[in-house]
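# Close look at the chain arrangement
The primary structure of each chain is shown beneath.
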Amino acid sequence: MTVTSPRAVERLVTGQPTTDGAGVKLTRVLTHDLQRRLDPFLMLDNFASDDPDDYGAGFPDHPHRGFETITYMIAGRMRHRDSAGNEGLLQNGGVQWMTAGRGLIHSELPEQQAGVMEGFQLWLNLPGRDKMCAPGYRDIQSAEIPEFTTAEGVTVRVISGHSHGVSGAMARPVEAYPTDPLYLDLHFPAGGAVFSQPLPAGYNAFLYTYRGTVEVLDGSAQATPVPLHRMAILDNSGDGVRLQADAGSTPARALLIAGRPLKEPIAQYGPFVMNTREELMTAVEDFQNGRLA
């Protein structure tokens, strides 16, 4: 997995504290103003708390149309139900990949495990041709997520895409799923171990550090630190990314996410993401008239 021209950090982003659902406290890392720059990704939320009052009411029934949600639990559980009678329990370390497609109404209820609830939700856009496809879920428990450890001791969980010859739990043909998302959870040991990942030309990519500090090494071997709870938007020149944990005594963890941009118009109204205002109006009307259930 040779990277000869690693990407540099374009800029660092600090997430915005907010609430969603029935008062769930979270940090919105990828915000609305970054959707064009990080196309096909629409949103990234990080939720983490040991206080049930921060999230206990969860996300009651709410609709979606036109995109996919990827929920990754680092600690705790997430119980989901939908208006079609589907129900599941996402366990610690697992992923739910939901394709909203033409629409559904569902609820998400977080639960503590060992006193902690922590995870991420990423919104991935669908191309216009697929926005009205049939909705569906895939619940991927932790043991189903392929992982490997490099010679330098970096453990890599491959949620989607491909890394070092390992296909992710959601490795899908790019012909059918043109966003071709790469989603890696990287666990660095203390001591500055280096990890390299090729990235296709033109793919938008970012890194989010959720433990310790991770450094991005550019082509001149300069290291840009990405501190805890910061997102680094990577520039689009180069053939990949080279990362290392801070050379100190603290391990680090980060998400590396990349995808091929759709370069389509984005029209969003809350939980509906379409290509035009007219399609948004139809989505709202369908929801109001019970046609998403």
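The rules behind these values
- Residues numbered from 1 in each chain as written.
- Predicted model: local features only at pLDDT ≥ 70, side-chain atom pairs only at ≥ 80, totals over all residues.
- Heavy atoms only, no water.
- Helix = DSSP H or I, 4+ residues; strand = E, 2+ residues; numbered from the N terminus.
- Rg over C-alpha atoms; globule rule 2.2 N^0.38 Å.
- Buried < 20%, exposed > 50% of the residue type's maximum accessible area, 1.4 Å probe, protein only.
- Contact = heavy atoms within 4.5 Å.
- Polar contact = N/O pair within 3.5 Å; in protein donor to acceptor, adjacent residues only side chain to side chain.
- Core = buried A, V, L, I, M, F, W, Y, C linked by side-chain atoms within 4.5 Å.
- Pairing = 2+ DSSP bridges.
- Phe/Tyr/Trp six-rings, centres within 6.5 Å; stacked < 30°, edge-to-face > 60°.

## Let's talk about the overall build of the protein chain
If you tally the helices and strands in the protein chain, you get 1 helix and 26 strands. Here the C-alpha atoms of the protein chain give a radius of gyration of 19 Å, agreeing with the 19 Å that 2.2 N^0.38 yields for 293 residues. Looking at the protein chain as a whole, 54% of its 293 residues are labelled buried. Looking at the protein chain alone, contacts between residues at least 24 apart form 74% of all its contacts between residues at least 6 apart.

## Quick word on the side chain of Asp-130
On the secondary structure map, Asp-130 appears in the loop between β11 (117–125) and β12 (136–140). On the basis of relative accessibility, which here comes to 18%, the residue Asp-130 falls in the buried class. Among the polar contacts listed, one links the side chain of Asp-130 to the side chain of Arg-129, at a separation of 3.3 Å. Sequence-distant contacts of Asp-130, that is, excluding residues within four places in its chain, are made with Gly-101 and Ala-176.

## Considerations on the nonpolar core
If you look at the biggest cluster of nonpolar residues, it comprises 28 residues, and the most contacted ones within it are Leu-44, Tyr-72, Phe-120, Leu-122, Tyr-183, Phe-206 and Met-231. Taken together, the elements giving at least two residues each to this core come down to β3 (24–30), β4 (41–49), β6 (67–75), β9 (95–99), β11, β19 (204–211), β22 (230–234) and β24 (252–259). With residues near it in sequence (within four places) discarded, Met-231 still touches Arg-11, Leu-12, Val-13, Val-29, Leu-30, Leu-34, Leu-38, Phe-206, Leu-207, Tyr-208 and Val-226. One finds Phe-148, Val-154, Leu-234 and Val-241 within the second-largest nonpolar core, a separate group that totals 26 residues.

## With respect to the pairing of strand β14 (residues 155–160)
In terms of burial, β14 is a largely internal element, 6 of the 6 residues being buried. Both strand β13 (residues 147–149) and β14 contribute to a ladder of 3 bridges, which runs antiparallel. Note that in β14 the partner of Glu-147 across the bridge is Arg-157. Counting the residues between successive antiparallel strands, the hairpin from β13 to β14 contains 5 residues, one of them, Gly-153, with a positive phi of roughly 95°. Here β14 runs beside strand β17 (residues 182–188); their pairing, made up of 5 bridges, is antiparallel. Paired with Thr-155 across the strands is His-187, a residue of β17.

## A closer look at the packing of aromatic side chains
Going through the model one piece at a time under the given rule, you end up with 6 aromatic pairs. Arranged with centres 6.0 Å apart and planes meeting at 80°, the rings of Phe-120 and Tyr-208 form a pair that is edge-to-face. Placement of Phe-120 in strand β11 and of Tyr-208 in strand β19 is noted, with a sequence separation of 88 residues between them. Here Phe-120 matches Tyr-208 in class, with each residue buried. Chaining the aromatic ring pairs together yields one cluster made of Phe-120, Tyr-208 and Tyr-210.

## Description of the side chain of Ser-196
Mapped onto the fold, Ser-196 is located in strand β18 (residues 194–198). Residue classification places Ser-196 among the buried residues on the basis of a relative accessible area of 16%. A polar contact of 3.5 Å, which involves the side chain of Ser-196, links it to the side chain of Arg-242.

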